[in-house]
Amino acid sequence: MNLDFQQLMRNATRLTRSGDLQAATAAIQAALAGAQTAPASATSTPALDNLFHVIDVAAREVPSTEACAPCGDETPGPESFFAGSHGGAAGRRDFKLYIPPGAGNRALPLVVMLHGCTQHPDDFAAGTDMNTIASTQGFFVLYPAQSQQANPQRCWSWFKHSHQARGRGEPALLAGMTREVMAAYAIDPDRVYVAGLSAGGAMAAILGDTYPDLYAAVGVHSGLAPGVATDLPSALGAMKGGANPVRTSASGVATIVFHGDADTTVHPGNGHQVIAASAGTATSVDVERRQAPGGRASTRSVHRAADGAVVAEHWLVHGAPHAWSGGSAKGSYTDMRGPDASAEMLRFFLEHPRQPGH
């Protein structure tokens, strides 16, 4: 089912009463869109599916927590984690949405989390432990789910040229899903962020490049820069560390990168390429060595613009594999010994609200 129709219409009524007619219109459109039947997603080719068999860690199944949306929107609601779906030109995708305790009329941040291949929202939420942080710090978390009809390994289509531009393919679908949630709930439009792991990290980078007016900052974990691949051969080359050309983003969206230097699935050089693509305005770099208590060492590079503002951070985690740094063993592709990528990404995000002009 889509976001609850009655819930959306109640929100539209509340927004109309408060005088926010633009947001009320968006909520009504989201409610009406939920009643439409979206076209089926195109299936990927076997050759593209085989690209991601290099990831051979079995995803651990995490029980799904089904909960309904909050019963009212005039007073702070209870904590919930519920399922929904969103349709667009690229088809329909399911999602899970975490609503923190106390969410209501006060506008809160939203973090969009894009899972890696073979993963799903419950698995990714458990592994990153992002809902726990959201519960204590007060923000929504949206977990879009790639369908097996679009890709049998549930990989986002970062490597296809038709999914790398604004208004097309999965970027348009994910942006539309984000906007639907923003219309339905009290979300601060200046504090909407996107992060992802591996294929999800590569798609997060594309969303920051193509929708800088929507996403204020981006987190890329073990991912790749926008435009390094447009087909299967170039994707394989980029993943293995080939010197594919990188386009410098003109979006100016702040970006934080985590990558393990022992990653044999996506070469760690891709982390440097993400920074090179996103930090084009940087004029200085501060480098420091860090040590996680009882865990892995890392090198943190902070890229600053001429005015001293931080435009990017790069965390190279020494000895870490292709896994979410500091994650929980409850999810797949996690490395408990590393620095806490979830906490550091959220800290970086909240330091970077959307800038004027975006």
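Residues numbered from 1 in each chain as written. Predicted model: local features only at pLDDT ≥ 70, side-chain atom pairs only at ≥ 80, totals over all residues. Heavy atoms only, no water.

Asks: Can you tell me about the side chain of E313, naming the residues and giving the values?
Replies: By the element assignment, E313 lies in strand β10 (residues 310-317). Given the relative accessible area of 2%, E313 is considered buried. Excluding its chain neighbours within four sequence positions, the residues that come into contact with E313 are T255, I256, V257, I275, R300, S301, V302, R347 and F348. (Helix = DSSP H or I, 4+ residues; strand = E, 2+ residues; numbered from the N terminus. Buried < 20%, exposed > 50% of the residue type's maximum accessible area, 1.4 Å probe, protein only. Contact = heavy atoms within 4.5 Å.)

Asks: Now, about the state of the cysteines: what can you tell me, with residues and values included?
Replies: Each disulfide consists of one covalent bond between the sulfur atoms belonging to two cysteines. On inspection of all chains with the given rule, the structure shows 1 disulfide. Here C117 pairs with C155 through a disulfide, and the sulfurs are 2.1 Å apart. A torsion of 130° about the S-S bond marks the disulfide between C117 and C155 as right-handed. Within this pair, whereas C117 is found in the loop between β3 (108-114) and α4 (121-128), its partner C155 is found in the loop between β4 (140-144) and α6 (169-184), the two being separated by 38 residues in sequence. The class for C155 is buried, based on a relative accessible area of 0%. (Disulfide = S-S within 2.5 Å.)

Asks: Residues and numbers for α4, please.
Replies: A large share of α4 lies buried, amounting to 8 of its 8 residues. At the C-terminal side of α4, D129 shows a positive phi close to 60°.

Asks: Run through the pairing of β10, naming residues and quoting values.
Replies: The element β10 is extensively covered by neighbouring structure, given that 7 of its 8 residues are classed as buried. Bridge analysis of strand β7 (residues 254-260) against β10 gives 6 bridges, and the strand direction is parallel. Of the residues in β10, the one forming a bridge with F258 is W315. Here strand β9 (residues 297-304) folds back onto β10 in antiparallel fashion, the turn holding 5 residues, of which G308 has a positive phi close to 90°. (Pairing = 2+ DSSP bridges.)

Asks: How would you sum up unusual backbone geometry? Please name residues and give values.
Replies: Unusually for a residue other than glycine, T118 sits at a positive phi of about 70°. Within the fold, T118 resides in the loop between β3 and α4. The exposure class assigned to T118 is buried, which follows from its relative accessible area of 13%. Not every positive phi belongs to a glycine, and S222 is a case in point at roughly 55°. Tracing the backbone shows S222 in the loop between β6 (217-221) and α8 (232-239).

Asks: Can you tell me about the pattern of salt bridges, naming the residues and giving the values?
Replies: On inspection of all chains with the given rule, the structure shows 14 salt bridges. Note that R191 is salt-bridged to D188, the shortest N-O span being 2.7 Å. Of the residues examined, D188 reaches a relative accessible area of 16% and is grouped as buried. Measuring nitrogen to oxygen at the nearest pair gives 2.7 Å for the salt bridge that ties R300 to E288. On the criterion of sequence distance, the pair formed by R300 in strand β9 and E288 in strand β8 (residues 284-291) is long-range, its members being 12 residues apart. (Salt bridge = Lys/Arg side-chain N within 4 Å of Asp/Glu carboxyl O.)

Asks: Lay out the packing of helix α5 (residues 130-137) against helix α10 (residues 341-350) with the relevant residues and their values.
Replies: Two numbers describe how α5 lies on α10: the axes approach to 10 Å, and their chain directions differ by 45°. Classed by the angle they form, the pair α5 and α10 counts as oblique. Between α5 and α10 lies a crossing whose hand is right-handed. Of the residues in α10, those touching α5 at M130, I133 and Q137 are S342, A343, L346 and L350. Its residues assigned to classes, the contact of α5 with α10 comprises 5 nonpolar, 2 polar and no charged. (Axes fitted to C-alpha atoms, helices over the stretch in contact; angles between N-to-C directions. Parallel < 35°, antiparallel > 145°, perpendicular 65-115°, else oblique. Left-handed = near helix turned anticlockwise from the far one by under 90°. Nonpolar A, V, L, I, M, F, W, Y, C, P; charged D, E, K, R; others polar.)

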